[in-house]
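Geometric and topological summary
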Amino acid sequence: MTDAVVDGKLEAVKQATKYVKETENVAEKYSAMTVSKNSDMNMNVGELQSAAFTAVPTLKPIKKVRSKAQSTPRQSLASSISASYSDSSDDETSPRDKAQANSKGSSDFCVKNVKQAEFGRREIEIAEQGVESPLSGIYFLASAVFASTVLIETLVALGAQCRWTACNIYSTQNEVAAALAETGVPVFAWKGESEDDFWWCIDRCVNKEGWQPNMILDDGGDLTHWVYKKYPSVFKKAQGIVEESVTGVHRLYQLSKAGKLCVPAMNVNDSVTKQKFDNLYCCRESILDGLKRTTDVMFGGKQVVVCGYGEVGKGCCSALKAMGAIVCITEIDPIWRHFTLLKICIYLYFLQYNSGGRNDMDGFRVVKLNEVIRQMDIVITCTGNKNVVTRDQLDRIKNGCIVCNMGHSNTEIDVASLRSPELTWERVRSQVDHVIWPDGKRIILLAEGRLLNLSCSTVPTFVLSITATTQALALIELFNAPEGRYKQDVYLLPKKMDEYVASLHMPNFDAHLTELSDEQAKYMGLNKNGPFKPNYYRY
């Protein structure tokens with residue numbers, strides 16, 4: 001064994017021993033802190049819940065365990081966690097009132113705490129995926145969830161210049177935002193923004209002297225709305241808008257119909273990969289995650305109504321039924337109603353004639369919300385519309401009912417009507433409120449009616465990879481398209497691109513597609529390389 005190898009192993013042993021000692025120091029100080037806090041246990045339930053998560057941040061002495069060796073770019077996990085949490089959200093100072101700068105001296109951002117950058121970098125590494133496409137020369141304005149941070153860095157790596165803000169006041173991961181700010185991306189977002197903060201962040205994102213975007217990437221339409229309202233001159237040089245939400249797409253179609261759409265827009269929301277993976281499969285998992293994290297509810301035997309039976313609604317219904325909940329739906333579309341009623345008929349047929357009394361067919365009652373509101377334990381909206389659950393219905397809802405939204409818009413539940421003098425709001429934990437009526441009845445409102453899975457849980461990184469790839473390809477298509485290909489209208493993502501996004505992710509499943517022979521392709525009238533379905537095909 002060479003001297004170099006021996007020296008290397010000795011150094012590794014020293015580092016490991018040092019890490020163990022540091023960890024022990026942190027544990028001892030944390031233990032001492034919790035003992036000293038035991039005398040201050042006269043707190044309510046909400047404070048106790050908060051204390052369970054903010055105990056480590058309040059430990060100022062933890063900073064002392066950081067040594068000179070830990071100031072290197074790659075710190076130990078223990079030290080990076082303590083560094084992250086020692087300046088966490090217990091600081092109530094608004095980020096707008098802080099003077100912050102990253103290690104390069106730039107202050108063109110506004111996040112909760114830029115010192116959390118290293119911990120955020122570890123989170124980004126977990127989610128990283130790559131997209132290989134030329135984006136040099138594109139200047140982005142973007143509004144999206146921070147789970148899509150890898151998309152930002154991919155765009156930057158490919159040559160784009162981005163300015164970024166959040167589409168939801170609760171969706172930002174502060175550590176991740178700090179990591180982006182540290183790399184030089186102008187980010188304006190933090191978790192728990194007020195309404196005023198939200199629009200201020202969008203304005204700071206757009207209003208940069210000497211900087212002109214030529215593409216807009218939006219999620220919900222708020223960024224596009226603000227640019228139209230305050231900075232219409234941006235559209236003189238903009239080449240397109242890419243929108244990924246049903247609410248934002250609806251707004252774009254309204255602009256197009258009124259003849260006010262100034263640039264081509266790409267509707268990513270209705271691409272097949274987005275509909276199936278982000279809307280159906282993602283919501284099938286994240287609805288349970290969000291409800292469990294916030295309420296610890298047991299689903300078995302619960303009466304649940306899901307408002308809207310699109311892809312999001314179907315995902316929610318499937319997950320809740322699998323957990324033993326009794327699910328019914330509301331729907332305006334007669335096609336979906338007919339489809340669901342047909343399944344119910346099959347369900348009843350099997351109940352009657354199957355000797356075992358069992359069936360494996362889906363079947364959900366289609367109801368009007370007014371008919372069932374008094375019996376429901378959980379009410380979930382996923383329509384993208386407004387006033388789906390009204391104040392009158394909330395007045396008649398049963399005591400202890402959980403009310404939440406899985407659609408994009410925050411107007412589905414009439415939360416504004418609940419902010420009235422006769423009702424009391426009681427914060428139970430982060431993004432969980434009791435709204436209490438004068439007679440003592442209370443409902444459990446999640447995320448103040450905003451999007452549950454972005455506000456209260458997480459989204460699978462695989463799903464985000466698919467959505468981010470779709471968005472990137474849409475941006476490239478609009479930016480590189482020859483003049484005249486796209487007019488001032490809303491377009492669906494070309495089917496060929498949709499299939500390409502799906503094919504890029506096939507290796508994750510170890511899936512192997514069958515290839516058409518020349519004879520088979522000629523018989524079907526298809527190109528061997530796709531597209532394999534026409535645009536009107538419904539999967």
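It should be emphasised that the depicted structure is a prediction, and the values quoted were computed from it without experimental measurement. (Residues numbered from 1 in each chain as written. Predicted model: local features only at pLDDT ≥ 70, side-chain atom pairs only at ≥ 80, totals over all residues. Heavy atoms only, no water.)

**Considerations on the overall build of the protein**
Counting secondary structure elements, the protein contains 18 helices and 15 strands. In the protein, which comprises 539 residues, the share counted as buried stands at 48%. Counting only contacts in the protein whose residues sit at least 6 apart along the sequence, the fraction spanning at least 24 positions is 68%. Counting only carbon and sulfur atoms, one obtains 54% of the accessible surface of the protein, whose full area is about 27,300 Å². (Helix = DSSP H or I, 4+ residues; strand = E, 2+ residues; numbered from the N terminus. Buried < 20%, exposed > 50% of the residue type's maximum accessible area, 1.4 Å probe, protein only. Contact = heavy atoms within 4.5 Å. Areas by Shrake-Rupley, 256 points an atom, 1.4 Å probe, with all protein chains shown as cover.)

**Topic: the nonpolar core**
Within the largest apolar cluster, 52 residues are counted, with the highest numbers of intra-cluster contacts made by Ile287, Leu291, Val306, Leu320, Ile380 and Met406. Mapped onto the domain boundaries, this core takes at least three residues apiece from domain 1 (97-275 + 460-509) and domain 2 (298-349 + 360-456). In contact with Leu320, other than residues within four places in its own chain, are Leu288, Leu291, Phe299, Val304, Val306, Ala325, Val327 and Ile380. Listed in part, the 32 residues of the second largest apolar core include Leu151, Cys162, Ile466 and Phe479. (Core = buried A, V, L, I, M, F, W, Y, C linked by side-chain atoms within 4.5 Å. Domains from an automatic or database assignment.)

**Re unusual backbone geometry**
The linkage connecting Gly530 with the following residue, Pro531, adopts the cis geometry, with an omega of 0°. As for its position among the elements, Pro531 is in the segment after α18 (518-524). One non-glycine residue, Gln431, lies in positive phi territory at about 65°. Tracing the sequence through the fold places Gln431 in the loop between β12 (424-429) and β13 (432-436).

**Looking at the packing of helix α16 (residues 461-480) against helix α17 (residues 495-504)**
Where α16 contacts α17, the axes come no closer than 10 Å and their chain directions differ by 140°. Classified by the interaxial angle, the pair formed by α16 and α17 is oblique. You can see that α16 and α17 cross each other, and the crossing is right-handed. Contacts between α16 and α17 involve Ile466, Thr469, Thr470, Leu473 and Glu477 from the first element and Met497, Tyr500, Val501 and Leu504 from the second. Taken together, the residues of the contact of α16 with α17 break down into 6 nonpolar, 2 polar and 1 charged. (Axes fitted to C-alpha atoms, helices over the stretch in contact; angles between N-to-C directions. Parallel < 35°, antiparallel > 145°, perpendicular 65-115°, else oblique. Left-handed = near helix turned anticlockwise from the far one by under 90°. Nonpolar A, V, L, I, M, F, W, Y, C, P; charged D, E, K, R; others polar.)

**Let's talk about the pairing of strand β10 (residues 378-381)**
Burial of the side chains of β10 extends over both faces: Ile378 and Ile380 are buried on one face and Val379 and Thr381 on the other. Taken together, the 4 bridges between β10 and strand β11 (residues 402-405) define a ladder with parallel strand orientation. Paired with Ile378 across the strands is Ile402, a residue of β11. In this fold, the crossover linking β10 to β11 by way of helix α14 (residues 391-396) has right-handed handedness. (Pairing = 2+ DSSP bridges. Right-handed = clockwise from strand over helix to strand, strands pointing away.)

**With respect to the sheet that holds β10**
The strand order β9-β8-β7-β10-β11-β14-β13-β12 describes an open sheet built from 8 strands, whose pairing is mixed. Looking at the sheet topology across the chains shown, the edges are occupied by β9 (365-366) and β12. By the bridge criterion, 5 bridges tie β12 to β13 in an arrangement that is antiparallel. Paired with Thr424 across the bridge in β13 is Ile436. Taken strand by strand, helix α10 (residues 272-295) contacts β10, β11, β12, β13 and β14 (442-446), and its axis lies near 125° from that of β14.

**Let's talk about the packing of aromatic side chains**
All chains considered together, the criterion is met by 9 aromatic pairs. Aromatic side chains Phe277 and Tyr281 sit 5.5 Å apart centroid to centroid with 70° between the ring planes, which places their arrangement in the edge-to-face category. Within this pair, Phe277 and its partner Tyr281 are both found in helix α10, separated by 4 residues, close to a single helical turn. The partly exposed category is assigned to Phe277, whose relative accessible area is 22%. Centroid distance Phe462 to Phe509: 5.1 Å. Interplanar angle 80°. Geometry classified as edge-to-face. With Phe462 in helix α16 and Phe509 in the loop between α17 and α18, the pair connects residues that are 47 residues apart, well separated along the chain. An aromatic cluster is built from Phe277, Tyr281, Phe462 and Phe509, whose rings are joined through pairwise contacts. A cation over an aromatic ring shows up here: Lys321 above the ring of Phe364, its NZ or CZ 5.4 Å from the ring centre. For Lys441, the ring lying beneath its charged end belongs to Trp437, and the centroid distance is 4.1 Å. (Phe/Tyr/Trp six-rings, centres within 6.5 Å; stacked < 30°, edge-to-face > 60°. Lys NZ or Arg CZ within 6 Å of the ring centre and 35° of its normal.)

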